[in-house]
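What follows is each chain in one-letter form.
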Amino acid sequence: MITPNLLAEPIAEITVTGTAIAKAQDPVRMARAMKLGVEAGREAFLAGRMPKKLYSAAPSSPVEGKIAPSQPKAA
């Protein structure tokens, strides 16, 4: 069953896209950019996701492995 919510989202997207194209300094280039973005998204979807890992990798630390700053020598 099609509900108003299912119809509202695509209409809103079309409105935003249309406004972006209409208000762009170069509307033809903006329309081409939108088209390429849609095509790129579709290609990425069709390429498939990378396999899920069976283990969890530990996140790296922004501090671990850094060389400590040298301490000034006492006189």
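Look above for the structure.
This section reports on the structure supplied with the text.

Parameters and conventions
Residues numbered from 1 in each chain as written. Predicted model: local features only at pLDDT ≥ 70, side-chain atom pairs only at ≥ 80, totals over all residues. Heavy atoms only, no water. Helix = DSSP H or I, 4+ residues; strand = E, 2+ residues; numbered from the N terminus. Buried < 20%, exposed > 50% of the residue type's maximum accessible area, 1.4 Å probe, protein only. Areas by Shrake-Rupley, 256 points an atom, 1.4 Å probe, with all protein chains shown as cover. Salt bridge = Lys/Arg side-chain N within 4 Å of Asp/Glu carboxyl O. Expected span 1.5 Å × (residues − 1).

## Observations concerning the overall build of the protein chain
In terms of helices and strands, the protein chain carries two helices and zero strands. By residue count, 1% of the 75 residues in the protein chain fall in the buried class. As presented, the protein chain carries roughly 7600 Å² of accessible surface, and 65% of it is formed by carbon and sulfur atoms.

## Notes on the pattern of salt bridges
Inspection of the entire model under this criterion finds two salt bridges. Between R29 and D26 there is a salt bridge; the shortest N-O distance is 4.0 Å. The partner of E39 in a salt bridge is K35, with the nearest N and O atoms 3.9 Å apart. Taken as a pair, E39 and K35 lie in helix α2 (residues 27-47) at a separation of four residues, close to a single helical turn.

## As for α2
Here α2 contains 21 residues, and its C-alpha end-to-end distance of 30 Å stays within 8% of the 30 Å for a straight helix at 1.5 Å per residue. Following α2 by one or two positions, G48 has its phi on the positive side, about 85°.

## Focus: the environment of G18
Looking at the element boundaries, G18 is found in helix α1 (residues 4-23). On a C-alpha basis, the gap between G18 and A31 in space is 8.7 Å, while along the polypeptide they are 13 residues apart.

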